[in-house]
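# Observations on the three-dimensional arrangement
Listed below, chain by chain, are the residues.
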Amino acid sequence: MTKRTLTIRLKQDWKSSLRAAARKAASKSYQGEELHFETAAVFFSKLTERRWELIGALQGKGAISIRELARQSKRDVKRVHEDVATLVELGIFEREASGVSCPFDLIHVDFEIARAA
């Protein structure tokens, strides 16, 4: 089975991102998956420190229940549920019959912040 990879990028030009995704989809081999954010502010609002902790806790462990994830992370179930919902919406977590999972073997974050021209 192919190991799944996710690359997270800052990319303001969503049209070029869409074209690149189409090229990858047309490829015969697995090219990895990408998640794009328009700005650093959006990136940091969606992928908070607590959500990164959940990703680290779940990555490579298979599916577990939200309640168990909350117990392991020593956090309130309601807050973990809210964070998991955001991570599912972003495609970083997937819902399964036995709970949620993080299907990516590798998550790479790649972005630069430069001064405005």
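Residues numbered from 1 in each chain as written. Predicted model: local features only at pLDDT ≥ 70, side-chain atom pairs only at ≥ 80, totals over all residues. Heavy atoms only, no water.

## What about the overall build of the protein chain?
Regarding its fold elements, the protein chain presents five helices and five strands. Listing every helix and strand of the protein chain by position from the N terminus yields β-α-β-α-α-α-α-β-β-β. Here the protein chain, with 117 residues, has 31% of them falling under the buried criterion. Long-range contacts, defined as pairs at least 24 residues apart, comprise 70% of the intrachain contacts of the protein chain with a sequence gap of at least 6. For the protein chain, the accessible surface area stands at approximately 7900 Å², while carbon and sulfur atoms represent 52% of it. (Helix = DSSP H or I, 4+ residues; strand = E, 2+ residues; numbered from the N terminus. Buried < 20%, exposed > 50% of the residue type's maximum accessible area, 1.4 Å probe, protein only. Contact = heavy atoms within 4.5 Å. Areas by Shrake-Rupley, 256 points an atom, 1.4 Å probe, with all protein chains shown as cover.)

## Side note on the pattern of salt bridges
Per the counting criterion, the structure on display carries eight salt bridges. Between Asp83 and Arg51 there is a salt bridge, with its nearest N and O atoms 2.9 Å apart. Of this pair, Asp83 sits in helix α5 (residues 77–90) while Arg51 sits in helix α3 (residues 49–58); the two residues are 32 residues apart in sequence, bridging distant segments of the chain. Arg51 matches Asp83 in its accessibility class, with the two residues each being buried. In this structure, the salt-bridge partner of Arg71 is Glu68, at a minimum N-O distance of 2.6 Å. With Arg71 and Glu68 both in helix α4 (residues 66–73) and three residues apart, this pair spans about one turn of that helix. With relative accessibility at 56%, the residue Arg71 sits in the exposed group. (Salt bridge = Lys/Arg side-chain N within 4 Å of Asp/Glu carboxyl O.)

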